[in-house]
Amino acid sequence: MEQKVHQGRNVKRFREMLGIKQEALAFDLGNDWNQKKISVLEQKDVIEDNLLKQISNALKIPVEAFQNFDEEQAVNLISCNFSDNAMFNNRIEVFNNNPIEEIKKLHEEKIALYERMLKEKDEMMARLEKLFDK
């Protein structure tokens, strides 16, 4: 079952996304146009190709966007790609390390290493003293 793309609704969507009022689009399309004609245009299922080209130039959006954009497919695509399960595979891990805590940890490790080295030095000195005493 193939759904038809509602071109008038697409014109309205893109116009609204760009923050352009119907009056401004009418002005861009020429003297024959007014807000009411734009409103009627946005209710049409299919818009003539030459008129779509004019709208495309006014809104700076490719004609294909008006002809092919299907909201249901877009919502489906977004929900499939950005649902909780989809995001599981694309997750971004954020590590909230406190730099001061990391420095303290490194300092404690360094102290433990020095203490181990001192203990080994003392043990070696004791062994050397035993060797000289004999």
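Each value, and the rule that gives it
- Along each chain, the written sequence defines residue order, and numbers are assigned to residues from 1.
- With the structure being a predicted model, the display of local features is reserved for residues of pLDDT at least 70 and the display and counting of side-chain atom pairs for 80 or more, all residues being used for whole-chain, interface and lining totals.
- Only hydrogens and water are set aside; all other atoms, that is, all heavy atoms of the structure, feed into the side-chain values.
- Only DSSP runs of H or I with at least four residues qualify as helices, and only runs of E with at least two residues qualify as strands; both kinds are numbered from the N terminus onward.
- Note on contacts: a residue pair qualifies if any of its non-hydrogen atoms lie within 4.5 Å across the two residues.
- Note on areas: Shrake-Rupley, 1.4 Å probe, and residue coverage restricted to the protein chains presented here.
- The rule is simple: take the accessible area with a 1.4 Å probe, protein chains only, and divide by the maximum for that residue type; under 20% is buried, over 50% is exposed, in between is partly exposed.
- Whenever Lys or Arg places a side-chain nitrogen within 4 Å of a carboxyl oxygen from Asp or Glu, that contact is recorded as a salt bridge.
- Every angle, taken between N-to-C directions, lies between 0 and 180 degrees, and every axis is a line fitted to C-alpha atoms, over only the stretch in contact when it is a helix.
- Between 65 and 115 degrees an angle is taken as roughly perpendicular, under 35 as roughly parallel, over 145 as roughly antiparallel, and anywhere else as oblique.
- Each crossing gets its handedness from the near helix: less than a right angle anticlockwise from the far helix is left-handed, clockwise is right-handed.
- Identification of polar contacts relies on pairs of N or O atoms within 3.5 Å, with a donor-acceptor requirement for protein atoms, meaning one able to donate a hydrogen and the other able to accept it, and with residues adjacent in sequence counted only if both atoms are side-chain atoms.

Asker: What should I look at first to understand the overall build of the protein in this one?
Answerer: In terms of regular secondary structure, the protein is built from eight helices and zero strands. A sequence separation of at least 24 residues applies to 62% of the contacts in the protein between residues at least 6 apart. Total accessible area computed for the protein in this model is approximately 11400 Å², and 54% of it derives from carbon and sulfur atoms.

Asker: What's the story with helix 1 (residues 7-17) in this structure? I'm lost.
Answerer: Note that an α-helix has 3.6 residues per turn; residues three or four places apart therefore point the same way. All of the buried residues along helix 1 are Gln7, Gly8, Asn10, Val11, Arg13, Phe14 and Arg15. Directly beyond the C-terminal end of helix 1, a positive phi value near 75° is found at Gly19.

Asker: Quick question: what am I supposed to make of the pattern of salt bridges here?
Answerer: Pairing between side chains becomes possible if they bear opposite charge and their charged atoms approach one another. For the coordinates displayed, the defined rule picks out five salt bridges. Note that Glu16 and Arg15 form a salt bridge whose closest N and O atoms lie 3.9 Å from each other. Several salt bridges converge on common partners, so that one network encompasses Arg15, Glu16 and Glu42.

Asker: Got a minute to help me understand the packing of helix 2 (residues 22-29) against helix 4 (residues 49-59) in this structure?
Answerer: The packing of two helices is summarised by the inter-axis angle and the distance between the axes. Direction vectors running N to C along helix 2 and helix 4 enclose 115°, while the axes themselves pass 10 Å from each other. By the angle class used here, helix 2 and helix 4 are roughly perpendicular. Here helix 2 runs over helix 4; the crossing is right-handed. Across from Leu25, Asp28 and Leu29 in helix 2, the residues of helix 4 making contact are Gln54, Ile55, Ala58 and Leu59.

Asker: Mind showing me how you'd approach the environment of Glu42 here?
Answerer: Following the sequence through the fold, Glu42 ends up in the loop between helix 3 (35-41) and helix 4. Residues Glu42 and Lys12, spaced 30 residues apart in sequence, show a C-alpha to C-alpha distance of 5.8 Å. Beyond its immediate stretch of four places on either side in the chain, Glu42 contacts His6, Gly8, Arg9, Val11, Lys12, Arg15 and Gln22. At 2.6 Å, the side chain of Glu42 and the side chain of Arg15 are in polar contact.

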